[in-house]
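# Inside the fold
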Amino acid sequence: MRARRPLVAALATAALLAAAGCSDRGGSDEQTPATAGTQQAAVDADFGDLKNVCQAGETTGAPAQGVTTDEIKVGVFSDVGFTKKQEFLDAAKVFTSWCNDAGGIDGRRLVANVHDTKMMEVRQRMAEACRDDFALVGGGAALDNMGVKDRLSCLLPDFPAQTVSLENSDAGLQVSIQPGSGSYMSFAGLYQW
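In this text, all values refer to a predicted model and were calculated from it rather than measured experimentally. Every chain's residues receive numbers from 1 upward, in the order its sequence appears when written. With the structure being a predicted model, the display of local features is reserved for residues of pLDDT at least 70 and the display and counting of side-chain atom pairs for 80 or more, all residues being used for whole-chain, interface and lining totals. By convention in this description, side-chain values take in all heavy atoms of the structure and omit both hydrogens and water.

## Concerning the overall build of the protein
Which entries qualify depends on this criterion: Note on conventions: DSSP H or I runs of at least 4 residues are helices, E runs of at least 2 residues are strands, and numbering of each starts at the N terminus. Think of it in three bands: residues with accessible area under 20% of the maximum for their type are buried, residues over 50% are exposed, and the middle band is partly exposed, with areas taken using a 1.4 Å probe on protein chains only. We call two residues in contact when some of their heavy atoms are within 4.5 Å. Surface accessibility follows the Shrake-Rupley procedure with a 1.4 Å probe radius. Residue values consider only the protein chains on display as shielding.
In terms of helices and strands, the protein carries seven helices and four strands. Secondary structure of the protein in N-to-C order comes out as α-β-α-α-β-α-β-α-β-α-α. Put simply, the protein has 193 residues, and 38% of those count as buried. Summarising the internal contacts of the protein: among those between residues at least 6 apart in sequence, 63% fall at separations of at least 24. About 11,100 Å² of surface is accessible on the protein, with carbon and sulfur atoms providing 54% of the total.

## Observations concerning the state of the cysteines
Disulfide: a covalent bond formed between the sulfur atoms of two cysteine residues. Put simply, the test is: Disulfides are defined as cysteine sulfur pairs within 2.5 Å.
Taken as a whole and judged by the stated rule, the model has two disulfides. Each disulfide pairs two cysteine sulfurs, and for Cys54 the partner residue is Cys99, the sulfurs being separated by 2.0 Å. Residues Cys54 and Cys99 are joined by a disulfide whose S-S torsion is about -100°; by sign, that bridge is left-handed. Of this pair, Cys54 sits in the loop between helix 1 (5–19) and strand 1 (71–78) while Cys99 sits in helix 3 (residues 87–101), and the two are 45 residues apart along the sequence. With relative accessibility at 0%, the residue Cys54 sits in the buried group. The disulfide partner of Cys130 is Cys154, and the gap between their sulfur atoms is 2.1 Å. What sets the handedness of the Cys130 and Cys154 disulfide is the S-S torsion sign, and at about -65° it is left-handed. One end of the pair, Cys130, is in helix 4 (residues 122–132); the other, Cys154, is in the loop between helix 5 (148–153) and strand 4 (158–159), and 24 residues separate them in sequence. Given the relative accessible area of 30%, Cys154 is considered partly exposed. Look at the protein and number its bonded cysteines as they come in the sequence; the links are 1-2, 3-4.

## Things to note about the pattern of salt bridges
The following threshold applies: Each salt bridge in this description consists of a side-chain nitrogen of Lys or Arg and a carboxyl oxygen of Asp or Glu lying within 4 Å of one another.
Summed over all chains, the structure comprises seven salt bridges. A salt bridge links Asp150 to Arg123; the shortest N-O distance between them is 2.7 Å. You can see Asp150 sitting in helix 5 and its partner Arg123 sitting in helix 4, a full 27 residues away along the chain. Given the relative accessible area of 48%, Arg123 is considered partly exposed. Taking the shortest distance from any N to any O, the salt bridge between Glu128 and Arg125 comes out at 3.1 Å. Of this pair, Glu128 and Arg125 both sit in helix 4, three residues apart, which is roughly one turn of the helix. Each of Glu121, Arg125 and Glu128 takes part in salt bridges that share partners, so that together they form one network.

## Some words on helix 3
The cut-off we apply is this: An expected span of 1.5 Å times one less than the residue number is assigned to each helix.
Taking 1.5 Å per residue as the helical rise, helix 3 with its 15 residues ought to reach 21 Å, and the 21 Å between its terminal C-alpha atoms agrees with that figure. Counting buried positions over the 15 residues of helix 3 gives eleven, a clear majority of the element. One or two positions beyond helix 3, positive phi appears at Gly103, with a value near 115°.

## Quick notes on helix 4
For the record, the criterion: To be clear, the arc concerns the directions from the helix axis to the C-beta atoms.
Within the span of helix 4, buried status applies to Val122, Arg125, Met126, Ala129 and Cys130. Buried residues in helix 4, looked at end-on, bunch into an arc of 145°, giving them a common side. The secondary structure elements touched by the buried residues of helix 4 are strand 1, strand 2 (109–116), strand 3 (135–137) and helix 5.

## Some thoughts on the nonpolar core
Stated formally: Nonpolar core, defined: a set of buried Ala, Val, Leu, Ile, Met, Phe, Trp, Tyr and Cys residues in which side-chain atoms within 4.5 Å join the residues together.
Among the nonpolar cores identified, the biggest contains 15 residues, and Cys54, Ile72, Phe95, Trp98, Cys99, Ile105 and Leu110 are the most heavily contacted of them. Those elements giving two or more residues to this core turn out to be strand 1, helix 3 and strand 3. It is helix 3 that provides the largest number of residues to this core, a total of three residues. Counting residues in hydrophobic clusters, the runner-up holds eight residues, among them Val122, Met126, Ala129 and Leu136.

What follows is the structure, given as structure tokens:
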């Protein structure tokens, strides 16, 4: 269980980053010849108050679904095929790039598996996530209630950037950064206004 703590901290951090609505860093993805193929030594492994979120390490074996000796696969749900909005995907790209530049999670490279629900294909994408991913991190789907039962059946943890439905907002195996719960009216301020 001790080995999972850095991973859980990194996953929670990724969810926070996604919820903040980060977009691409801007600039160019090109590397200069001097830095191509090497890690940047100046990347800080700390994320705010969280220390050593991502760092190099030695790994052995494949201790869990979605985890190999080289990488950790995390799922990112999005309705991008319907909405054409890239926020969750951009945040996943930025966080995984930063984490991998800092050495990964105990040396394992973080890989974001994008699950595009196209609004109506939540259960199909959840079946893929249940088969391939270690956890769901930093995404969301408009019809997220359609995948709750399947996610709980396969015991897949979820660190969403947003929850939409009442069924998903208080679901098990989930740490959400959104305030309130199923008993809290999240749109009360809008209605009062």
